[in-house]
Amino acid sequence: MACIIESEEDLASELASRRISAFTDVTRGASNLLFYGPLAAAAILLLIHLAIFSTIYSVQLSRFTGNYAETEATVADYSSHEKKRRHHKKHGRTTTTNETYYSIRAVADDGTEFTYNGQTDYGRKGDKLRIKYSKSNPRNYYVPAELFHMPADRFIGLIMLVLSGLAFYGTYLARKWNRKCQLAEERDLYLPVRETSRYEVRTVHTRSKRHGRSHSQTHKEYAPIYRYPMPQGQDLLFQGVWSRKKPEGEPANDYTSFRVYMIDPENPNNNKYFIKELPR
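Note that the structure is predicted; figures quoted are calculated from it, not measured. (Residues numbered from 1 in each chain as written. Predicted model: local features only at pLDDT ≥ 70, side-chain atom pairs only at ≥ 80, totals over all residues. Heavy atoms only, no water.)

1. Let's talk about the pattern of salt bridges
Right, so step 1: Throughout the structure, instances matching the rule amount to twelve salt bridges.
Right, so step 2: Lys276 is the salt-bridge partner of Glu185, the closest N and O atoms lying 2.6 Å from each other. Taken together, the residues Glu185 in helix α4 (residues 152-186) and Lys276 in strand β10 (residues 273-279) connect sequence positions 91 residues apart.
Right, so step 3: Here Glu185 falls in the partly exposed class, since its relative accessible area comes to 24%.
Right, so step 4: Taking the shortest distance from any N to any O, the salt bridge between Arg194 and Glu250 comes out at 3.6 Å. Placement of Arg194 in strand β6 (residues 191-210) and of Glu250 in the loop between β8 (236-239) and β9 (256-262) is noted, with a sequence separation of 56 residues between them.
Right, so step 5: For Arg194, a relative accessible area of 36% translates into the label partly exposed.
Right, so step 6: On the basis of relative accessible area, Glu250 is assigned to the partly exposed category, the value being 36%.
Right, so step 7: Residues participating in the shared-partner salt-bridge network are Asp77, Arg105 and Glu113. (Salt bridge = Lys/Arg side-chain N within 4 Å of Asp/Glu carboxyl O. Helix = DSSP H or I, 4+ residues; strand = E, 2+ residues; numbered from the N terminus. Buried < 20%, exposed > 50% of the residue type's maximum accessible area, 1.4 Å probe, protein only.)

2. A word on unusual backbone geometry
Right, so step 1: The backbone of Arg19 sits at a positive phi, close to 55 degrees, despite the residue not being glycine.
Right, so step 2: Mapped onto the fold, Arg19 is located in the loop between α1 (8-17) and α2 (32-52).
Right, so step 3: Residue classification places Arg19 among the exposed positions, given a relative accessible area of 79%.
Right, so step 4: Despite not being glycine, Asp188 has its phi angle at roughly 55 degrees, a positive value.
Right, so step 5: As for its position among the elements, Asp188 is in the loop between α4 and β6.

3. Focus on the packing of aromatic side chains
Right, so step 1: Following the criterion strictly, the structure yields 13 aromatic pairs and no others.
Right, so step 2: Ring geometry for Phe23 versus Phe238: centroids 5.1 Å apart, planes at 15 degrees, classification stacked. Pair noted here: Phe23 is in the loop between α1 and α2 and Phe238 is in strand β8, with a separation of 215 residues, a long-range link.
Right, so step 3: On the numbers, 5.1 Å between centres and 70 degrees between planes, the contact of Phe114 with Tyr133 is edge-to-face. Highlighted residues: Phe114 in strand β3 (residues 113-118) and Tyr133 in strand β4 (residues 128-134), separated in sequence by 19 residues. Accessibility classification places Phe114 together with Tyr133 in one group, the buried group.
Right, so step 4: In this structure an aromatic cluster arises from ring pairing among Phe23, Phe238 and Tyr273.
Right, so step 5: Over the face of the ring belonging to Tyr68 we find Arg63, whose NZ or CZ atom lies 3.8 Å from the ring centre.
Right, so step 6: Lying across the ring of Tyr101, Lys83 places its NZ or CZ 5.0 Å from the centre. (Phe/Tyr/Trp six-rings, centres within 6.5 Å; stacked < 30°, edge-to-face > 60°. Lys NZ or Arg CZ within 6 Å of the ring centre and 35° of its normal.)

4. Let's talk about the side chain of Thr120
Right, so step 1: Along the chain, Thr120 turns up in the loop between β3 and β4.
Right, so step 2: Taking relative accessible area as the criterion, Thr120 reaches 19% and is therefore assigned buried.
Right, so step 3: Sequence-distant contacts of Thr120, defined by excluding residues within four places in its chain, comprise Tyr102 and Pro151. (Contact = heavy atoms within 4.5 Å.)

5. Section: the environment of Arg259
Right, so step 1: On the secondary structure map, Arg259 appears in strand β9.
Right, so step 2: For Arg259 and Phe155, which are 104 residues apart along the polypeptide, the C-alpha to C-alpha distance reads 49 Å.
Right, so step 3: If we ignore the near neighbours within four places in the chain, the residues touching Arg259 are Tyr190, Leu191, Phe274, Ile275, Lys276 and Leu278.
Right, so step 4: In this structure the side chain of Arg259 is engaged in a polar contact, spanning 3.4 Å, whose partner is the side chain of Tyr190. (Polar contact = N/O pair within 3.5 Å; in protein donor to acceptor, adjacent residues only side chain to side chain.)

Fair warning: the whole summary comes from geometry, so function is off the table for now.
In structure tokens, the structure reads:
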């Protein structure tokens, strides 16, 4: 059974027993941006999905009012025409594509008419269409189609729904992580550390495109080193998060207090922690 750590001294003793020269499994603490960023993305993606599928949802909701109906309609009029669409690119370049638009009028056995204008080809004159619609408003209708035969906009709408679900899941994970960090702080169990003059440096390579060509770029990132003095034995060292800002070193301790919070201090296999900065 793992011991329960209740004091700063107990925490320091536990971490020292792990015989780690420098703790590096650092992470960022609770962040509103970490939560609200994915939440905003999920809401926007869901709204796009609802806009694309608004007609389908409207027809399906008519089941509750008794206005839902399905029918087989025959295409009575059919026409198509092409439009040239220009795509503007960088540096004044443009490309042109041909897009085909269809106009269809279909009539059901009971005389209900359905008209369609768009880029989906639902068939020629005389073809039969299965249509789902609202009897109170026949303009609210759609032609059901299998996944790989549905109109392009609906396929995009499904992708938006999947991405929205992933973003909502990211929101859930962010909320769970924020709560875990908040519990660590509420426990008020931390090590007061000081920033040292030491820091780690790494070179990060990135690629970017300019004028249609790929360019390689590099920049340096820094991670400060924090120290917790042990009364006996080797001091505990903790690496801070990486950033492009060069650490200030010892002078930072004059106006900032640094606290190391372990996420799960009783678990010897979990060395994840975050560092909280407080003004003095």
